[in-house]
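If you want the building blocks of each chain, they are given just below.
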Amino acid sequence: MSIENIVATVTLDQQLDLYAMERSVPNVEYDPDQFPGLIFRLESPKVTSLIFKSGKMVVTGAKSTEELIKAVKRIIKTLKKYGIKITGKPKIQIQNIVASANMHVHVNLDKAAFLLENNMYEPEQFPGLIFRMDDPRVVLLIFSSGKMVITGAKREEEVYKAVKKIFDKLNELDCIKPIEEEEELEI
Amino acid sequence: RWRKWQIRARIQSSIDRNLAQAMNELERIGNLLGLPKSVKDEAALIYRKAVEKGLVRGRSIESVVAASIYASCRRIKIARTLDEIAQYTKANRKEVARCYRLLLRELNVEVPVSDPKDYVTRIGSLLGLSGATMKLAAEILEKAKNAGLTAGKDPAGLAAAAIYIAALMNDERRTQKEIAQVAGVTEVTVRNRYKELIQELKIEIQNQ
DNA sequence: ATTTTACTTTGCAAAGC
DNA sequence: GCTTTAAAAAGTAAAAT
């Protein structure tokens, strides 16, 4: 199981002059007619930040909480380096965690679509079965390969719980079949 | 008391006006698609439920009508793609698809998972193929399903490939291009599904 | 005819139209 | 509702080679 993307909001309790930032900070995109936020891309950790004049920002692309915190520190350090005055410490809130996982089994999506509640399986529109779980409140995209995407979580713990729960549930409903040729891993 | 009656009457007349307009749209699109009365009636029932639950607010009547028609086709197993239905509306496929998903989530409309076999009849008759060939295509699809080859794949593409194979075997050969065209998928998709089917099901085709 | 690039689906925040 | 950002899954599509 691996976390693929974390979306977080950062609150700096101060107003920001985005026009001034566009002039002094290199490699930023700001087109208020297109979108009210200024786009700032950090190379390492590789994240993208949307900065608003209210002093709030959205940081996307981090693959772990540690990476997210490091990225926020570096973004603020970079802004300060180019003369943007920032006071106080940022409040970071994780809003969404996107993860992927592999159950290493084959899933019978037709059967799962019949037996699971709150699911949608429309292969003409998307190859995965969409399952909305109530607890933890997340959405899973389940593929016949046994791989899946988990989204909507606010804590890593919810991701682990959801993966365990869906595996047990699919197992109970007899929608899972082992993959006979567990190939690969050549040297 | 009067207030309550007035509010109810006002809401009812608003629903009636909406329904009247929707039924015209339904009739128009349904006829352009050449749908039987049963499908139009079913779609009308679904649309009525949607209006009564207030699902049409903020959405165009036309796109909800199109979504109702699609849901009805799926229930009655009349193979029609979202694109075919959306082409007669001002809304695009994406908007009709989102309305359709809304109907699935908010109404108690049971729609079975689409079966590639439902596309065989339509594609086969559009190409003027024999019943035997369509039957063979359906058998190929049944084997494919049992072999776990159909999960997540576009049923129209699977049906197109099965028909291509069945037609070859029965000496009624059609090109991948013409099959792809009536199935509403690309030649590449027909080719990919075809390769997978003959390989995994070990189908041998003698006719060149 | 293959490869690359791009779009489909899901979740979420930000400010403004 | 829309706009913008990010990322995965597997399928399909369109454009490039």
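The rules behind these values
Residues numbered from 1 in each chain as written. Chains lettered and ligands numbered in written order. Predicted model: local features only at pLDDT ≥ 70, side-chain atom pairs only at ≥ 80, totals over all residues. Heavy atoms only, no water. UniProt positions renumbered as here; feature names shortened; annotations may be inferred. Near = heavy atom within 4 Å. Polar contact = N/O pair within 3.5 Å; in protein donor to acceptor, adjacent residues only side chain to side chain. Helix = DSSP H or I, 4+ residues; strand = E, 2+ residues; numbered from the N terminus. Nonpolar A, V, L, I, M, F, W, Y, C, P; charged D, E, K, R; others polar. 1 Å grid on protein atoms, 1.4 Å probe; cavity = no way out; pocket = protein on both sides within 12 Å on 5 of 7 lines; lining within 4 Å. Points joined across faces, edges and corners; volume = space filled by probe spheres on them. Core = buried A, V, L, I, M, F, W, Y, C linked by side-chain atoms within 4.5 Å. Buried < 20%, exposed > 50% of the residue type's maximum accessible area, 1.4 Å probe, protein only. Domains from an automatic or database assignment. Contact = heavy atoms within 4.5 Å. Phe/Tyr/Trp six-rings, centres within 6.5 Å; stacked < 30°, edge-to-face > 60°.

Per an unreviewed UniProt entry, chain A is named TATA-box-binding protein, and its organism is Acidianus infernus. UniProt, in the comment section headed Function (unreviewed entry), describes chain A in these words: "General factor that plays a role in the activation of archaeal genes transcribed by RNA polymerase. Binds specifically to the TATA box promoter element which lies close to the position of transcription initiation." UniProt, in its Sequence similarities (unreviewed entry) section for chain A, records the words "Belongs to the TBP family."

A.B. asks: Just checking my understanding: could you explain the protein's contact with DNA strand D for this structure?
C.D. replies: Near DNA strand D there are 28 residues, and of these Arg41 and Ser145 of chain A together with Arg98, Thr189 and Arg193 of chain B occur at the shortest range. Here, DNA strand D places atoms within 4 Å of the protein, and 73% of those atoms are sugar or phosphate. With respect to DNA strand D, the side chain of Thr60 of chain A contributes an N or O atom lying 3.0 Å from a sugar or linking oxygen. A distance of 2.6 Å is found between a phosphate oxygen of DNA strand D and a side-chain nitrogen or oxygen belonging to Arg193 of chain B. Elements that contribute at least two residues to the surface near DNA strand D include exactly β1 (2-11), β3 (38-42), β4 (47-51) and β11 (147-153) of chain A together with α10 (187-200) of chain B. Per-element tally for the surface near DNA strand D: the top contributor is β1 of chain A, with three residues. Looking at the surface near DNA strand D residue by residue, the class counts come to eleven nonpolar, eight polar and nine charged.

A.B. asks: Just to check I follow, could you spell out the protein's contact with DNA strand C for this structure?
C.D. replies: Around DNA strand C sit 24 residues, and of these Pro36, Ser54, Val98, Arg132 and Thr151 of chain A come closest. Backbone atoms, meaning sugar and phosphate, form 67% of the atoms of DNA strand C found within 4 Å of the protein. Separating a base nitrogen of DNA strand C from a side-chain N or O atom of Thr151 of chain A is a distance of 2.9 Å. Lys94 of chain B places a polar side-chain atom, nitrogen or oxygen, 3.2 Å from a phosphate oxygen of DNA strand C. Going through the elements one at a time, β1, β5 (56-62), β6 (91-102), β9 (129-133), β10 (138-142) and β11 of chain A together with α5 (93-106) and α10 of chain B are the ones with two or more residues in the surface near DNA strand C. Per-element tally for the surface near DNA strand C: the top contributor is β6 of chain A, with three residues.

A.B. asks: Please explain the layout of surface pockets as it appears in this structure.
C.D. replies: Here the idea is plain: a probe the size of a water molecule rolls over the atoms and shows the empty space left. Taken as a whole, the largest pocket holds about 720 Å³ of empty space. If you go around the largest pocket, you meet 25 residues; those closest to its centre are Glu117, Asn118, Asn119 and Met120 of chain A together with Leu104 of chain B. Elements with a contribution of two residues or more to the lining of the largest pocket: α3 (109-115), β8 (119-120), β9 and β10 of chain A together with α5 of chain B. When the residues that make up the lining of the largest pocket are grouped by side-chain class, the tally is 14 nonpolar, three polar and eight charged.

A.B. asks: Teacher, can you tell me more about the nonpolar core here?
C.D. replies: Buried together is how nonpolar side chains tend to be arranged in soluble globular proteins. Grouped together as the largest cluster of nonpolar side chains are 56 residues, with contacts concentrated most on Ile51, Leu129, Leu140, Ile142, Ile150, Ile166 and Leu170 of chain A. Both of domain 1 (7-93) and domain 2 (102-176) of chain A provide at least three residues apiece to this core. Beyond its immediate sequence surroundings of up to four residues, Ile166 of chain A is in contact with Leu116, Phe131, Met133, Leu140, Ile142 and Met148 of chain A. Residues Ala43, Tyr47, Cys73 and Ile85 of chain B belong to the second largest nonpolar core, which totals 39 residues.

A.B. asks: Please clarify how the domain arrangement of chain A should be interpreted in this entry.
C.D. replies: How big an interface is tends to be stated in terms of the accessible area lost upon association of its parts. Looking at the assigned domains, one finds that chain A contains domain 1 (7-93) and domain 2 (102-176). The centre of domain 1 of chain A, based on its C-alpha atoms, is set 35 Å off from the matching centre of domain 2 of chain A.

A.B. asks: Got a minute to help me understand the packing of aromatic side chains in this structure?
C.D. replies: Both the distance between ring centres and the angle between the ring planes are used here to describe each pair of aromatic rings. Within this structure, the stated rule accounts for six aromatic pairs over all chains. Ring centres of Tyr19 of chain A and Tyr30 of chain A lie 5.3 Å apart, and the angle between their planes is 75°; this geometry places the pair in the edge-to-face category. Note that Tyr19 of chain A is positioned in helix α1 (residues 18-24) and Tyr30 of chain A in the loop between β2 (28-29) and β3, a separation of eleven residues in sequence. Tyr30 of chain A gets classed as buried once you look at its relative accessible area, which sits at 14%. Each ring, one from Tyr70 of chain B and one from Tyr100 of chain B, has its centre 4.7 Å from the other, and the planes form 85°; the classification is edge-to-face. Of the two residues, Tyr70 of chain B sits in helix α3 (residues 61-76) while Tyr100 of chain B sits in helix α5, which places them 30 residues apart along the sequence. The class of Tyr70 of chain B is buried, set by a relative accessible area of 1%.

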